[in-house]
Amino acid sequence: CFAAGLLESAEARGREYAAAQPFPHHSIAPFCDEELLAGVRREIVERLHFTQKETDIFKYHQSGDLANLDGLPDAEQGRLPCLRRLRDAIYSREFRDFVSAVTGCGPLSGSRTDMSTNRFKPGDHLLLHDDAIGDRRVSYIIYLPDPDASLAWTPADGGHLELYPRESPESWAPAVQPARQVPPRWNQMVLFVVQPGESHHSVEEVCAGERTSIQGWFHFPQPGEPGYAPDQMQRAWAGGAESTLSQIAAKDQRQNGGGSGSGASDAFAPIPRAADVAELDPADAECLRPFVNPEYLDPVIVRQAADRFADKSHITLGAFLNAETAATL
């Protein structure tokens with residue numbers, strides 16, 4: 001299933017992986033047998049259904065869970081032989097041992113599979129994050145753009161995998177700009193160990209063409225599997241930062257203003273309610289008056305808006321500009 005000699009190249013690739021910046025990662029190209037990967041792409045394009053997914057950090061089109069192909073009716077399974085073969089090869093003991101040797105991450109689960117197909121069309125993107133959710137251990141992306149179009153992909157087309165360094169050696173926050181951009185080339189696999197507060201990456205907005213890929217994770221060993229330990233995640237991530245998700249999900253900090261004062265979640269403050277909102281300074285009100293609907297400068301309306309915002313974390317202000325300004329614009 002794999003490119004010739006790939007599984008025998010772990011030692012050399014491990015050295016490249018460890019030396020890569022801004023954090024350890026490795027790009028494998030060619031990754032897969034060409035005929036098999038061509039069949040995989042054909043099945044994705046012709047036989048998979050995609051649903052648009054959109055949240056505050058991503059927008060793209062995604063297939064169903066490829067890890068659950070065995071649960072499909074026999075007739076549907078028979079239409080996806082190449083995808084099944086690739087999935088089984090990726091989570092085989094031989095390939096998991098190869099990934100462990102390259103990354104030095106230790107044993108990986110063979111029972112916990114996790115992969116899907118993504119299509120990024122113009123405007124689609126995935127904002128910066130570190131992938132540290134649950135018991136994910138290694139993240140991987142397999143690129144499947146049109147083989148011919150892939151050769152002509154330019155930086156202006158967007159869609160690069162962007163890897164971010166830490167802001168400074170003393171900080172777990174990511175830098176503003178990526179240190180490396182990986183173009184979405186045909187038959188390329190990129191992988192890296194998931195590290196909370198360190199494996200920061202994003203997918204640049206696609207500006208032209210279509211970026212098709214298979215995205216997935218290898219997980220820590222599950223109970224009963226070789227290498228499993230109850231405290232495996234704590235030991236692997238000892239001394240690391242909170243994951244991006246943990247920092248964002250500091251619910252008590254946001255809602256109650258509490259916290260231990262020991263982490264990035266201290267940056268979250270409770271949303272002020274009307275009782276905590278100062279009166280609008282007369283000079284500020286006078287500055288805004290030529291532009292803003294005068295109703296929104298009324299202290300009563302300001303307090304009402306503050307309470308609604310505190311309850312909902314968002315607010316819609318209709319007719320926000322005054323009539324003259326709106327007409328001019």
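Quick note: structure is the one above.
The structure contained in this document is the topic of the report that follows.

Quick notes on the rules
- In this numbering scheme, every chain counts its residues from 1 along its sequence in written order.
- Confidence filtering applies because this is a predicted model: local features only for residues at pLDDT of at least 70, side-chain atom pairs given and counted only at 80 or more, and all residues used for totals across whole chains, interfaces and linings.
- Side-chain numbers here rest on the full set of heavy atoms in the structure, without hydrogens or water.
- Each helix is a run of DSSP H or I of at least 4 residues and each strand a run of E of at least 2, with the numbering of both proceeding from the N terminus.
- Relative accessibility under 20% of the residue-type maximum defines a buried residue, over 50% an exposed one, and the middle range a partly exposed one, all with a 1.4 Å probe and only protein chains included.
- His is not counted, nor are the chain ends; Lys and Arg add positive charge and Asp and Glu add negative charge.
- Any carboxyl oxygen of Asp or Glu that lies within 4 Å of a side-chain nitrogen of Lys or Arg is treated as forming a salt bridge with it.
- Any two residues having at least one pair of non-hydrogen atoms within 4.5 Å are treated as being in contact.
- Strands are treated as partners if at least two bridges between them are detected by DSSP.
- Aromatic contacts are taken between Phe, Tyr and Trp rings whose centres are within 6.5 Å, Trp giving its six-membered ring; a plane angle under 30 degrees counts as stacked, one over 60 as edge-to-face, and the others as tilted.
- Starting at the helix axis, one direction is taken to each C-beta atom, and the arc is that of these directions.
- In this analysis the probe radius is 1.4 Å and the grid spacing 1 Å, with only protein atoms considered; a cavity is a set of points the probe fits into but cannot get out of, a pocket is an open set with protein on both sides within 12 Å along at least five of seven lines, and lining residues have an atom within 4 Å of a point.
- Grid points are joined across faces, edges and corners, and a volume is the space filled by probe spheres set on the points.
- In this classification, Asp, Glu, Lys and Arg are treated as charged, Ala, Val, Leu, Ile, Met, Phe, Trp, Tyr, Cys and Pro as nonpolar, and every other residue, Gly included, as polar.

Section: the side chain of Arg-41
Here comes step 1: With respect to the secondary-structure elements, Arg-41 resides in helix H2 (residues 34-47).
Here comes step 2: An unpaired buried charge is present at Arg-41: no salt bridge exists, and Asp-146, the closest side chain of opposite charge, is 4.6 Å distant.

Here's the deal with the environment of Pro-81
Here comes step 1: Tracing the backbone through its elements, the reader meets Pro-81 in helix H4 (residues 81-90).
Here comes step 2: The exposure class of Pro-81 is partly exposed, given its relative accessible area of 44%.
Here comes step 3: Counting along the chain gives 45 residues from Pro-81 to Leu-36, while the straight-line C-alpha distance between them is 9.7 Å.
Here comes step 4: Setting aside residues up to four positions removed in sequence, Pro-81 forms contacts with Glu-43 and Arg-47.

Quick notes on the pairing of strand E11 (residues 211-219)
Here comes step 1: With respect to burial, E11 is a largely interior element, nine of its nine residues being buried.
Here comes step 2: Across the two faces of E11 the burial is the same, with Arg-211, Ser-213, Gln-215, Trp-217 and His-219 and Thr-212, Ile-214, Gly-216 and Phe-218 all buried.
Here comes step 3: Sheet analysis places strand E6 (residues 136-143) next to E11, joined by seven bridges and oriented antiparallel. Directly across from Ser-139, in E11, lies its bridge partner Trp-217.

Considering the packing of aromatic side chains
Here comes step 1: Taken as a whole and assessed by the stated rule, the structure comprises 13 aromatic pairs.
Here comes step 2: A ring pair is formed by Tyr-60 and Phe-120, whose centres lie 5.0 Å apart and whose planes are at 40°; its orientation type is tilted. One end of the pair, Tyr-60, is in strand E3 (residues 58-65); the other, Phe-120, is in strand E4 (residues 115-120), with 60 residues separating them in the sequence. Across the pair, exposure class does not vary: Tyr-60 and Phe-120 are buried alike.
Here comes step 3: Judged by centre distance (5.6 Å) and plane angle (40°), the ring pair of Tyr-296 and Phe-320 falls under tilted. Of this pair, Tyr-296 sits in the loop between helix H10 (282-288) and helix H11 (299-312) while Phe-320 sits in the loop between H11 and helix H12 (323-328), and the two are 24 residues apart along the sequence.
Here comes step 4: An aromatic cluster is present here, built from Phe-2, Phe-31, Tyr-91, Phe-95, Phe-98, Tyr-140 and Phe-218 joined pairwise through their rings.

Structural notes on H4
Here comes step 1: Every buried residue belonging to H4 is among Cys-82, Leu-83, Leu-86, Arg-87, Ala-89 and Ile-90, and all of these are buried. Down the axis of H4, the sector holding all buried residues measures 165°, keeping them to one side.

Some details on the layout of surface pockets
Here comes step 1: The computed volume of the largest pocket comes to approximately 630 Å³.
Here comes step 2: Taken together, 30 residues line the largest pocket, and the ones lying closest to its centre are Ile-57, Phe-58, Leu-126, His-129 and Asp-131.
Here comes step 3: Secondary structure elements with two or more residues in the lining of the largest pocket: E3, E4, strand E5 (125-129), E6, strand E10 (201-203), E11 and helix H8 (244-248).
Here comes step 4: In terms of residue count, the dominant contributor to the lining of the largest pocket is E11 (four residues).
Here comes step 5: Of the residues in the lining of the largest pocket, the class split is 14 nonpolar, ten polar and six charged.

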